[in-house]
Structure formats: C-alpha cells, structure tokens
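# Structural features, examined
Letter by letter, the chains look like this.
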Amino acid sequence: MEERRRALLKNLPKIDEIVHILERKGLCAMAPKEIVRDACRRVVERERLRIMDPKGDAGTLRLPSIDVAAREAAGIIQGLHRYRLRRVVNATGIILHTNLGRSPLCPEALERLQKVGEGYSNLEYDLERGQRGVRYDHVRELLCALSGAEDALVVNNNAAAVLLVLNTLAEGKEAVVSRGELIEIGGEFRIPEIMEKSGALLREVGTTNRTHLSDYEKALCEKTGLILKVHTSNYRIVGFTQQVDLTILAALGRKSGIPVMNDLGSGCFVELDRYGLEREPTVQDVLQTGVDVVTFSGDKLLGGPQAGIILGGREMLGRIKRNPLNRALRIDKFTLAALEATMMQYLQPEEAMGRLRVLRALSEPLASVKRRARRLLLQLRRLNVEGMTFSLKDGLSLTGGGSLPTQGIPTCAVSVKAVHLSADRLERRLRDLETPIVARISDDEVLLDLRTVDPGELSFIKEGFSALKKASSPEAP
Ligand SMILES: *Cc1c(COP(=O)(O)O)cnc(C)c1O
C-alpha cells in the first residue's frame, strides 16, 4: 500500500502543467502570475495531503485528472473576484442585528457617500477661510441643535467613545459605577475591561439589584475622576431594585466637582412611546439632566452609520478632542457624510420615522406588516415550488442591538415548509442564494419575518425561491 501511495505522489499533476492549461483558457489574466501559481500549488498540495492521510484507504485513492485540477485552481482564482461582503435580506425579525450590519442607511445618506467618495472633499478644509478646518464641524452644528448640547465629537464607534472619555477624564483615577451596570454588550465590549484599557480604576458601588445615592457619596474621594452611569442596554433587572436617577447623580457631580458621564448605548432622538413602544430616554432628555458627557452609537436606534457620538459642554469636549487617543479612534469621511445626512432627517422627526429604516421597522403598524406578508405569500404560492408549502404565522420581532430587550413587537411571518428538507437544511439553502436570505427557525419551521423586510426586498425573496425551484426540478443538472 505504501508503494501505491508513492506511485500516486509521483504522478501528481505538475504545477507548471496546470498553469499552462489555465494560460490556454485565458484564466491567467485574472490575477498576477504568483497568485495563479499559488492557487495551482494549493490544489496539488491538497491532493498530496489526501494521499498521505493515514486514515485514507490507499487502495481506492485516485488522482484527479490534470483538467480537474485546473478547474479547481480556476475556481480558487474566480473566487477571489467574488465579493464576500454582500447585501443580504434580513428576515430574522431582529431590527438591529449586529451580525447583519445593524442599521441600513437612508437614501439621502447613500447619495452623500457617492458624492463625497467620488471626488475630493472639504473634510478638513475650511472653505470660507481657505485653510485647514476641523472634520467634526460637519456634524457638530446639527448634533448640537437637535440635542441641545453645547459641543459634539464623533469617533469610530461607541466603544471608542467610552474608551476615549474614560481615558481623558479618569486615567489613573477612580471611575465610580454601580454594580448593577457593569454590563457586557457582546462582541467583547465589557465595561470593566474597557475601563482597564482606558487606565481608569473601576470603583464599584452598591449591589447588583440596588444602588443608593449614599453608595456613590461614600465612594467619592480625592482619587475620584468620574461618575459613570451605563444604560443597561440588553437586559433589565426587575423586582426589588433601585438605581439612582441621572438627574440626582448630575447634581452630586456638580456639588463635588466631579464630572458625570452617561454611556447611553442606543442614542434615540424620538419618543418611541408615542409608537406603542417602551419609553427610552431620548438624547435630549438625558442632556436635560445636567450630565456632563453623553455617549451613544450611530448605528443603533439612531439609524445611521457605525459611529460613536460624544455630546457635552465645550470645556469638557475640548479636553476630549485634544486627547492624542482621539486621533487613533477618528471617524472617516464616509461615516461623517452618512451621519450628516442621517441627522438631517431628524429636523423633521415625523418624516424621519418613515425615512430611517430602523425607525420605520420599529413603528410600522402590524396591519401594514401583515399586508406585505400576504403579498409575499401569494407570490411564493404562485411559484408552485414542488414539495414546498407556505402559510402565515403571527409572532414577535425584536429590536436587538441591545435596545428594548424585553419588548417583543407583534409581527407577521411567512412560514415555509418543505417535504424533502428539514428546517435546518432549508434555512441553509436560503443563506446560499445569490442574495442570501437570513431567516429565523422556530419550532422546526423556517419563518420569514416581514417586519425587517422592506417592500423593495420582496423581489429578492421571490427570485430566491425561483432559483430553489429550478435547482430542485428533475431536469436540473
Ligand atoms: C452598544 C453599546 C456600546 C457599544 O457601542 P458600539 O457602537 O457597538 O461600539 C457601549 N455601551 C452600551 C451601553 C451599548 O449599548
């Protein structure tokens, strides 16, 4: 048997020969020579490992023909030309799905990306004075006008915003936080860890379920740099609980000359309770409490691009802006362009509810979601996919992204059942489509939740199921 392995190894396709075939087929033009050779080398190497695998049965091993090897190498090269970061249809019903890119952008933001991206821009250029300008100025005025803050700064994301503020105000000093607010958001964001990286010393006060004003008061000393209040975004403590109001903490900070910061997580500018949702304090409300600094994300309830927004007084923000760490966390021109357009929508809050997809999904009446579900149901039934049945199913969507964690939003889904496919297999097929559909499985059923599917995306789903039908029909290769 060892002899057979040796013979197979000797007859492995030669890299030069595979390259030659690719050349003849014109595939060498698709990538630099070294990348083409490397693809061929990988194919041969894979075969070599297969032959050498002691678990493999040498008697049944076969070598691929040189053409098969060339086809595989061509596949690798062609794969490099396929975009990996792609649009998908979010049919999970989770509105702010961090793994699916959180918030889609509004058309106005997309238009700005194109405009600013295709040419040069005044990113850091003051057009009036013809000299160097400040990149934050493009969004500062809007953010301040809409929130009532004195000054604003924008960085890469909210994690960066928290890190930057902690480092500026509390490096080498104590930051006082309630034990009920030492949160983990997921994706490695944990308050105690970010605090350690910032150089601030965590000073925990109170207990998991109850923290009183006196707990904060007792902790304050000459080592205190900051009082931090964190929005418990993705969980709620219920029952015998007590947390200190931000207004009271802000007053305590003022009295003791210690800055107070609020990590708000999901900064919201509209009153969600008007749309039957849980009340989230708006950014305006939070600033009204007299807190010194507020931070929140650009791509959670705000409905814009990934960003971390820092609002507060001019003196405080000046210190934060001058921190050299700010340079390392700085925001890029595309984010600024998209954020500016997003914030502009809030000048007309009623219209923002319709234009910003996250807010639209949160506030859309159930009857309207149902109409879209019925439309999709009809379209899918009309396709007559062999062995597949579709029906409507009521359920609950979630906000996600660490916002409104206890609130399910009534929704309507199209349930898909396939005779020859388990729910898991079907869900997998949907992810393999040209425009992948990410669905939800519940009780062994594949559900397409229409609350997170826009009317303009129904065609992707229809085309996807058409493709499934073609692939499963008997005459398909
Ligand atoms: C989401 C969240 C963060 C992290 O924000 P990113 O924009 O994801 O970096 C920080 N703090 C709180 C309270 C959050 O909810």
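How each quantity is defined
- Residues numbered from 1 in each chain as written.
- Predicted model: local features only at pLDDT ≥ 70, side-chain atom pairs only at ≥ 80, totals over all residues.
- Heavy atoms only, no water.
- Near = heavy atom within 4 Å.
- Polar contact = N/O pair within 3.5 Å; in protein donor to acceptor, adjacent residues only side chain to side chain.
- Areas by Shrake-Rupley, 256 points an atom, 1.4 Å probe, with all protein chains shown as cover.
- Helix = DSSP H or I, 4+ residues; strand = E, 2+ residues; numbered from the N terminus.
- Nonpolar A, V, L, I, M, F, W, Y, C, P; charged D, E, K, R; others polar.
- Domains from an automatic or database assignment.
- Contact = heavy atoms within 4.5 Å.
- Buried area = accessible area lost by both parts, 1.4 Å probe.
- Salt bridge = Lys/Arg side-chain N within 4 Å of Asp/Glu carboxyl O.
- Phe/Tyr/Trp six-rings, centres within 6.5 Å; stacked < 30°, edge-to-face > 60°.
- Lys NZ or Arg CZ within 6 Å of the ring centre and 35° of its normal.

### Regarding the site of the ligand
- For the ligand, the set of nearby residues contains 13 residues, the closest of which are A159, S233, D263, S297 and K300.
- N158 places a polar main-chain atom, nitrogen or oxygen, 3.1 Å from an oxygen atom of the ligand.
- Considering the ligand on its own, with 380 Å² of exposed area, one finds that the protein chains cover 94% of that surface.
- At the level of elements, helix 7 (158–170) and strand 11 (260–265) are the ones that each hand at least two residues to the shell around the ligand.
- Looking at the shell around the ligand, its residues break down into 4 nonpolar, 6 polar and 3 charged.

### As for the domain arrangement of the chain
- By the assigned domains, the chain splits into domain 1 (2–79), domain 2 (89–96 + 362–472) and domain 3 (105–355).
- Taken residue by residue, the interface counts 12 residues in domain 2 and 15 residues in domain 3.
- Across the domain 2/domain 3 interface, buried area totals approximately 1100 Å², and carbon plus sulfur atoms make up 66% of it.
- Of all residues in domain 2, S363, L404 and P405 bury the most surface against domain 3, accounting for 38% of the area lost on that side.
- Run the count over domain 2 and domain 3 and you get 0 salt bridges.
- Across the domain 2-domain 3 interface, the total number found is 1 residue pair in polar contact (both at pLDDT 80 or more).
- Counting residues per element, the ones that place at least two in the side of domain 2 that touches domain 3 are helix 16 (357–363) and strand 15 (403–418).
- A total of 6 residues in the side of domain 2 that touches domain 3 trace back to one element, the largest contributor, which is strand 15.
- When its residues are assigned to classes, the side of domain 2 that touches domain 3 shows 5 nonpolar, 7 polar and no charged.

### Re the packing of aromatic side chains
- For the structure on display, the rule yields 3 aromatic pairs.
- Consider the rings of F269 and F296, whose centres lie 6.0 Å apart with planes at 70°: the pair is edge-to-face. Taken together, the positions of F269 in the loop between strand 11 and helix 11 (283–288) and F296 in strand 12 (residues 293–297) put the pair 27 residues apart, joining distant regions of the chain.
- Pairwise contacts between aromatic rings join F269, F296 and Y346 into one cluster.
- Seen from the ring of F240, R210 lies directly overhead, with NZ or CZ sitting 3.8 Å from the centre.

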